[in-house]
2 protein chains.
Amino acid sequence: MKIRNLENIKAISGGICSVEGVDASGTRYGKYGVSIISNLDSNASAVFTSNKIKAAPIEYTEKIIKNGKLSLIIANSGNANCFTGKEGMDDCLKMVDFASQKLNIPPNLIATASTGVIGRKMPMDILLNLEEKSIKNLNHSSKSSTAFAKGIMTTDTVSKEFAVEVTLTNNQKVKIGGVTKGTGMIAPNMGTMLSFLVTDAKLSAEEINKSLKIAVDNSFNMIVVDGDESTNDIAILMANGKSNCNLVDNGKIDSNFQKGLNYLCQELAQMMVRDGEGASKFLEVTVKGAKSENDARNASKSVISSSLFKSAVFGGDPNWGRIAAAIGYSGVSMKQDKISISIKSKDLFTDLVKDGIPLAFDGSENLTIAEKIMENNEIEVIADLNIGEFEATSWGCDLTYDYVKINAEYTT
Amino acid sequence: MKIRNLENIKAISGGICSVEGVDASGTRYGKYGVSIISNLDSNASAVFTSNKIKAAPIEYTEKIIKNGKLSLIIANSGNANCFTGKEGMDDCLKMVDFASQKLNIPPNLIATASTGVIGRKMPMDILLNLEEKSIKNLNHSSKSSTAFAKGIMTTDTVSKEFAVEVTLTNNQKVKIGGVTKGTGMIAPNMGTMLSFLVTDAKLSAEEINKSLKIAVDNSFNMIVVDGDESTNDIAILMANGKSNCNLVDNGKIDSNFQKGLNYLCQELAQMMVRDGEGASKFLEVTVKGAKSENDARNASKSVISSSLFKSAVFGGDPNWGRIAAAIGYSGVSMKQDKISISIKSKDLFTDLVKDGIPLAFDGSENLTIAEKIMENNEIEVIADLNIGEFEATSWGCDLTYDYVKINAEYTT
């Protein structure tokens, strides 16, 4: 899914602090940072990495979020606190207890997240010092949202935040804000996608979970930089109810809210791939006409993950054979003589394959246009399997010398 | 599986022509080549790409090989004859008919294979001309085996052939020879892994199929260059029975024969990754102590496919966190506090993680040794999950600037 109609959704400034009741802060020292969100007595739910190697803060937060309530999130960068044994869990609890005492918030309402290098001891003196400063700096302002976003950066080259105002179907308005970090599904030395989302809508933890899963499936789960999955991934949504807008009717979440949350998450996800390690071009791959939603998703992700296709994009080569082959090995239902493939960028569009017949061959106008399209830095691929009703979109980037450079030159 | 004990197996020269009854030839013109194996009245079976986009020669050979008999194989390079519609199938049949008439062999005993660019018309005048020359050149000699291997090269930088003599459990001797081409699971502009294997052992088509599947699963299916799967992959084994050695006893294939075939295929597979696009280092990843064979295979292939780990190897970084993370997201059963990871190269060996405890940290001797190991160009990773009995080995190469260069610079 891709949001193509933005009716009832308006981008607004302020990041997570666009939402009333949310205080934020972030403090850095060299490669380390500690960022905090305070959002008292929110309902909350989260989705986590499916990697079987899990960082201590993931194990901790998975446990405490089961009660559906959250008041504070502490996130640190520079160290993933992963593969750190019992000492790692103790360090995680130390960060929780420190904030708990300073802010008088029960530990089981405090979530944690970490991003950085795996298998290294947490530098607790530095981190507790940063945490103390961030607690003091907690504040409701655009600046604080940005400070939070900066505090969790690792190999990110830009901070990433976004917010929307959604007009519900009953014409009431709610806000949703989010910050994220990450430059690959797992970044090079530093790992991890972290996303923190807040809303002033009224939602139970269960409703949040349902809505968040849909949004994540159509955004963070549809981006690929290198296909590696982190040990520390997390996306949390907190709903503090300050808008007093109840957006659940007959057990169904307001469709505009869901659309707004999907859109917010897609914007944040796209910020991540645009900032993908070494990326020089932004890719969007839509597969339609698939027999099932899973087929559409898998085919789309297979193309966006193909090292061969990603290299071709870097080289400006409209190599549709690599697109077709990636769909072919994705395992989805398809028929070679039904498939159509086209690409577009800005005001240019051309068919590469139509109903199984190649149109972009040497000397054809389609190939000339395709080559022009490939010179642009935002490229859209549309593959129509023509055998069903389902559609999915994924986002990614090209594979460049710089990806290899960034990931090769770091030394432990 | 990896063959660690070469008892009863001896490497011999001669490639496919080490086997009596096998004539071969190969002729090239620029980027095009046509290679032929004549091996009259052999029993034969093959395994094919699982890509749903299939080249015409794959569709054709899948059909005719069902009768279990083969006398001739025609393989061309330079054009994959894939996504070429009805015309592509006609071109495939033209190549078959041409040889059928010249050599007086029924068309249904002639297999075909193609490798090269996808979606382009076959240059039939060039190819039929090459085919005519190759038919004339058919010959039983080491030189002809090499000519065959050279005729099917695309982005390969070296030709690839190997042969073994196996002493069966009853002390009789049989030979198995093979040639292969391929520099990635799919090469950049040129695709495809092609492997042609011959033996003088006596085997039925059904027995060949069984034995070939085991060998392929433990060799060609365990190598990864870029994770892309070709539309044209094929491995064929022909058994002409000239040795008069029946190696099936009570329905079971002689274990030494199977070991010899596995070894031959592993050698050929390793030649492919050593010649992997842009590869500067050769990697072997063994996962042991897994709960099932599938788990061992999947975990091993997940590590060898990880762009992050491959980049780290290129950079000489013993980044074991990336190894652990790749096992973690492979979906296999594992426990973080049980896993051990070590690396070796030449006479150097060190533990990186032992029973879940990291040993290669800043300042440790293990890290110093690990860094020395990473300077070598053949590196072995051993990960022990310590929860079961199963083991698997995969082979691959690092991810380098040159991989990106080779795959980006080609323009259709």
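Residues numbered from 1 in each chain as written. Chains lettered and ligands numbered in written order. Predicted model: local features only at pLDDT ≥ 70, side-chain atom pairs only at ≥ 80, totals over all residues.

**Q** Please set out the overall build of chain A residue by residue, giving values where relevant.
**A** From N to C terminus, chain A includes eleven helices and 18 strands. Oriented by its inertia axes, the alpha-carbon framework of chain A measures out at about 70 × 55 × 35 Å. For chain A, contacts bridging at least 24 residues in sequence account for 80% of all contacts bridging at least 6. (Helix = DSSP H or I, 4+ residues; strand = E, 2+ residues; numbered from the N terminus. Contact = placed C-beta atoms within 7 Å.)

**Q** Mind laying out the packing of helix α7 (residues 293–305) of chain A against helix α9 (residues 320–328) of chain A, listing which residues take part and the relevant values?
**A** In helix packing, the relevant descriptors are the interaxial angle and the interaxial distance, both defined with respect to the helix axes. Residues and elements named next belong to chain A. Between α7 and α9, whose axes approach to 8 Å, the crossing angle comes to 135°. For the element pair α7 / α9, the angle class is oblique. Where α7 crosses over α9, the handedness of that crossing is right-handed. Every residue of α9 that contacts α7 at Ala-299, Ser-302 and Val-303 is listed here: Ile-323, Ala-326 and Ile-327. Among the residues forming the contact of α7 with α9, the class breakdown is five nonpolar, one polar and no charged. (Axes fitted to C-alpha atoms, helices over the stretch in contact; angles between N-to-C directions. Parallel < 35°, antiparallel > 145°, perpendicular 65-115°, else oblique. Left-handed = near helix turned anticlockwise from the far one by under 90°. Nonpolar A, V, L, I, M, F, W, Y, C, P; charged D, E, K, R; others polar.)

**Q** Before we move on, could you go through the environment of Phe83(A) and cite the residues and values that matter?
**A** Tracing the backbone shows Phe83(A) in the loop between β4 (69–79) and α2 (85–103). Along the primary structure Phe83(A) and Gly388(A) are separated by 305 residues, whereas in three dimensions their C-alpha atoms are 45 Å apart. Once residues lying within four places of it in the same chain are set aside, the contact partners of Phe83(A) are Ile53(A), Ile118(A), Gly119(A), Gly321(B), Ala324(B) and Pro358(B).

**Q** Before we move on, could you go through the domain arrangement of chain A and cite the residues and values that matter?
**A** Residue and element names in this part refer to chain A. When cut into domains, chain A gives domain 1 (9–274) and domain 2 (282–409). Between domain 1 and domain 2, the C-alpha centre-to-centre distance is 32 Å. The interface of domain 1 with domain 2 comprises eleven residues on the first partner and eleven residues on the second. Mapped by element, the contributors of at least two residues to the side of domain 1 that touches domain 2 are β9 (223–224) and α6 (255–274). When residues of the side of domain 1 that touches domain 2 are assigned to their parent elements, the largest contribution, four residues, is made by α6. (Domains from an automatic or database assignment.)

**Q** Can you lay out the environment of Ser305(A) for me, pointing to particular residues and giving the numbers?
**A** One can find Ser305(A) in helix α7. Spatially, the C-alpha atom of Ser305(A) lies 20 Å from that of Ile373(A), the residues being 68 residues apart in sequence.

**Q** I'd like a description of unusual backbone geometry, backed by residues and values.
**A** Unlike most non-glycine residues, Lys346(A) shows phi in positive territory, near 50°. Residue classification places Lys346(A) among the exposed residues on the basis of 11 C-beta atoms within 10 Å. (Buried ≥ 20, exposed ≤ 12 C-beta atoms within 10 Å, placed from the backbone.)

**Q** So, the sheet that holds strand β13 (residues 282–290) of chain A: which residues are in play, and what are the values?
**A** Residues and elements named next belong to chain A. The seven strands lie next to each other as β9-β18-β13-β17-β14-β15-β16, forming an open sheet whose pairing is mixed. Each edge of the open sheet carries a strand with a single partner, namely β9 and β16 (357–358). Pairing of β13 with strand β18 (residues 390–397), which is carried by seven bridges, proceeds in the antiparallel orientation. By the bridge assignment for β18, Phe-282 is matched with Cys-397. The strands touched by α7 within the sheet are β9, β13, β17 (378–384) and β18, with β18 carrying the most contacts at an inclination of about 20°. (Pairing = 2+ DSSP bridges.)

**Q** Quick one: what's the story with helix α9 (residues 320–328) of chain B, residue by residue and with numbers?
**A** An α-helical turn contains 3.6 residues, so a residue and the one three or four places further along point in the same direction. Burial runs high along α9(B): nine of the nine residues are buried. Taken as a whole, α9(B) has its buried residues at Trp320(B), Gly321(B), Arg322(B), Ile323(B), Ala324(B), Ala325(B), Ala326(B), Ile327(B) and Gly328(B). The inward-facing, buried residues of α9(B) contact β5 (110–117) of chain A together with α7 (293–305), α8 (307–314), β14 (340–345), β15 (348–354) and β17 (378–384) of chain B.

**Q** Explain the nonpolar core to me, and be specific about the residues and the numbers.
**A** Counting 263 residues, the largest nonpolar core has Ile73(A), Ile236(A), Ile73(B) and Ile236(B) as its most contacted members. The residues contacting Ile73(B), other than those within four sequence positions of it, are Ile36(B), Ile37(B), Ala111(B), Ala113(B), Phe196(B) and Ile236(B). (Core = buried A, V, L, I, M, F, W, Y, C linked by C-beta atoms within 7 Å.)

**Q** Quick one: what's the story with the sheet that holds strand β18 (residues 390–397) of chain B, residue by residue and with numbers?
**A** All names here are of chain B. With mixed pairing, the seven strands of this open sheet are ordered in space as β9-β18-β13-β17-β14-β15-β16. Two strands close off the open sheet at either side, each with one partner strand: β9 (223–224) and β16 (357–358). Bridge analysis of β15 against β16 gives two bridges, and the strand direction is antiparallel. Within β16, the position partnered with Val-353 by the bridge is Pro-358. Across the sheet, helix α10 (residues 365–373) lies against β14, β15 and β17, angled at about 125° from β15, the strand it touches most.

**Q** Give a description of the pairing of β13(A) that names residues and reports values.
**A** Residues and elements named next belong to chain A. Burial within β13 is extensive, with seven of its nine residues counted as buried. Here β13 runs beside β17; their pairing, made up of seven bridges, is parallel. Within β17, the residue paired with Phe-282 across the bridge is Glu-378.

**Q** Explain the confidence of the model for chain A residue by residue, including any values.
**A** Residues and elements named next belong to chain A. The share of residues in chain A with pLDDT of 70 or more is 96%, and the mean pLDDT across the chain is 91. Scored below 50 in pLDDT, residues 185–190 shows 33 contacts in the model against residues more than four places distant or in partner chains. Quick note on the complex model: pTM equals 0.83, ipTM equals 0.77. (pLDDT = per-residue confidence, 0-100.)

**Q** So what about the environment of Leu138(B)? Which residues, and what values?
**A** Residue and element names in this part refer to chain B. If you trace the backbone, Leu-138 turns up in the loop between α3 (124–137) and α4 (142–151). As a C-alpha pair, Leu-138 and Ser-292 span 154 residues in sequence and 46 Å in three-dimensional space. Not counting chain neighbours up to four residues away, the residues in contact with Leu-138 comprise Asp-23, Ala-24, Ser-25, Ile-36 and Ser-38.

**Q** Quick one: what's the story with helix α10 (residues 365–373) of chain A, residue by residue and with numbers?
**A** Residues and elements named next belong to chain A. Every buried residue of α10 is accounted for by Asn-366, Ala-370 and Ile-373. All buried residues of α10 fall inside an arc of 55° around its axis, so they share one side. Contact partners of the buried residues in α10: β14 (340–345), β15 (348–354) and β17. (Arc of directions from axis to C-beta.)

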